[in-house]
Amino acid sequence: MALLQLEKDRLVWRARQVTGPDQRRQSSFYSTLDAHLQGGWPQTGLVELACGLAGIGELRLLFPLLAQSQARLQVWINPPAQLNGQALAQHGINLSKTLLIRCQNPQHALWSAQQSLNSGCCSHLVLWAKNLTSPQAKRLQVAAKDNQALMFWLHPQPEPSTSALPVSARFSLAPLATGLRLKIHKYQGQWPQHPCQVDMHKLWPSLAMPTVTTAPVPALKRNIKLVSLNSHKLQ
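Residues numbered from 1 in each chain as written. Predicted model: local features only at pLDDT ≥ 70, side-chain atom pairs only at ≥ 80, totals over all residues. Heavy atoms only, no water.

(A) Representation of the overall build of the protein chain in the model. In terms of regular secondary structure, the protein chain is built from 6 helices and 10 strands. A buried classification covers 40% of the 235 residues belonging to the protein chain. Considering only intrachain contacts with a sequence separation of at least 6, the fraction spanning at least 24 residues in the protein chain is 64%. Counting every atom, the protein chain has about 14200 Å² of accessible surface; 57% of that belongs to carbon and sulfur. (Helix = DSSP H or I, 4+ residues; strand = E, 2+ residues; numbered from the N terminus. Buried < 20%, exposed > 50% of the residue type's maximum accessible area, 1.4 Å probe, protein only. Contact = heavy atoms within 4.5 Å. Areas by Shrake-Rupley, 256 points an atom, 1.4 Å probe, with all protein chains shown as cover.)

Next comes the structure, spelled out in structure tokens:
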């Protein structure tokens, strides 16, 4: 009976099972990504996003989801650059429900994240941190699940952590001309799949690569005249 209950709760699954979309997932509002993830982001838990360089489109990936969150707070902790409130509002983010926290000490940032989740006041939390230990990730994962919140951990490494951190999902991101390439390293409830390309052109048409027309390069003249200069004339 215990095993059947675990299967019902989708905590374990059989390799021969062909699962449909998990109703406990929330849409990313990118149809390609939702189909790839069988429903979208986890409803709760900790998601690791290995971004490499900042500013490759990682916030565009999250904006459609965060724009739909209005009931509870969204918490942003230690973003690598100054947030532009006007730009966030233009992307549909409710500034009255947005809390920005900056901490000089990484331990204080983790403490703030855990306390925000445990408060039950936030639905989504975005944390920028270089690394997490297994106990730290476990505490954040449990706090997010217990309080019905989804937390995104973004870090500057090009690949996700190699240790077996207790996270709900683990992705690495790479920039494309009109979006992002997501490689799925772990997703609870399904087997790892091939990478997914997220096209953001519909939401951000400016991402379209302009058509480049190359003009013919004139042929170089062969009769190049060498001119020698005396050193005393340069003084």
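(B) Local environment of the layout of surface pockets. Of the volumes computed, that of the second largest pocket is approximately 360 Å³. As for the second largest pocket, its lining consists of 17 residues, and the residues nearest its centre are Gly55, Leu59, Phe63, Leu83 and Leu88. Going through the elements one at a time, α3 (58-67) and α4 (85-90) are the ones with two or more residues in the lining of the second largest pocket. Among the elements that take part in the lining of the second largest pocket, α3 stands out by supplying 4 residues, more than any other. When grouped by side-chain class, the residues that make up the lining of the second largest pocket number 10 nonpolar, 5 polar and 2 charged. (1 Å grid on protein atoms, 1.4 Å probe; cavity = no way out; pocket = protein on both sides within 12 Å on 5 of 7 lines; lining within 4 Å. Points joined across faces, edges and corners; volume = space filled by probe spheres on them. Nonpolar A, V, L, I, M, F, W, Y, C, P; charged D, E, K, R; others polar.)

(C) Broad picture of the environment of Leu83. With respect to the secondary-structure elements, Leu83 resides in the loop between β4 (73-77) and α4. Classification of Leu83 by relative accessible area gives partly exposed; the value is 22%. Along the chain, Leu83 and Leu100 lie 17 residues apart, while their C-alpha atoms are 8.9 Å from each other. For Leu83, the residues in contact, after removing those within four places along its chain, are Trp76, Leu88, Leu100 and Arg102.

(D) Representation of the packing of aromatic side chains. According to the stated counting rule, one finds 4 aromatic pairs in the structure shown. A ring pair is formed by Phe171 and Tyr187, whose centres lie 6.2 Å apart and whose planes are at 75°; its orientation type is edge-to-face. Of the two residues, Phe171 is situated in strand β8 (residues 169-176) and Tyr187 in strand β9 (residues 179-187); the sequence distance between them amounts to 16 residues. With relative accessibility at 5%, the residue Tyr187 sits in the buried group. An aromatic cluster is defined as three or more aromatic residues linked by ring pairs; in this entry it consists of Trp41, Phe152, Phe171 and Tyr187. (Phe/Tyr/Trp six-rings, centres within 6.5 Å; stacked < 30°, edge-to-face > 60°.)

(E) The packing of helix α5 (residues 106-119) against helix α6 (residues 134-146), seen in detail. Where α5 meets α6, the closest approach of the two axes is 8 Å, and the angle between their N-to-C directions is 20°. As far as their axial angle goes, α6 and α5 are roughly parallel. The way α5 lies across α6 gives a crossing that is left-handed. Side by side, α5 and α6 meet where Gln107, Leu110, Ala113, Gln114, Leu117 and Asn118 of the first sit next to Gln136, Arg139, Leu140, Ala143 and Ala144 of the second. (Axes fitted to C-alpha atoms, helices over the stretch in contact; angles between N-to-C directions. Parallel < 35°, antiparallel > 145°, perpendicular 65-115°, else oblique. Left-handed = near helix turned anticlockwise from the far one by under 90°.)

(F) Broad picture of the pattern of salt bridges. Taken as a whole and judged by the stated rule, the model has 1 salt bridge. With its nearest N and O atoms 2.9 Å apart, the salt bridge here joins Arg170 to Glu48. Taken together, the residues span a long stretch of sequence, with Arg170 in strand β8 and Glu48 in strand β3 (residues 45-50) at a distance of 122 residues. Each member of the pair, Arg170 as well as Glu48, is classed as buried. (Salt bridge = Lys/Arg side-chain N within 4 Å of Asp/Glu carboxyl O.)

(G) The arrangement of the nonpolar core in detail. By size, the foremost hydrophobic cluster in this structure holds 33 residues, and its most contacted members are Leu33, Trp41, Leu49, Leu61, Phe152, Phe171 and Leu173. Among the secondary structure elements, those contributing two or more residues to this core are β3, α3, β6 (122-128), β7 (150-155), β8, β9 and β10 (196-199). Looking at which element gives the most residues to this core, the answer is α3, with 5 residues. Counting 23 residues, the second-largest nonpolar core is a separate cluster that includes Ala109, Leu110, Trp153 and Val167. (Core = buried A, V, L, I, M, F, W, Y, C linked by side-chain atoms within 4.5 Å.)

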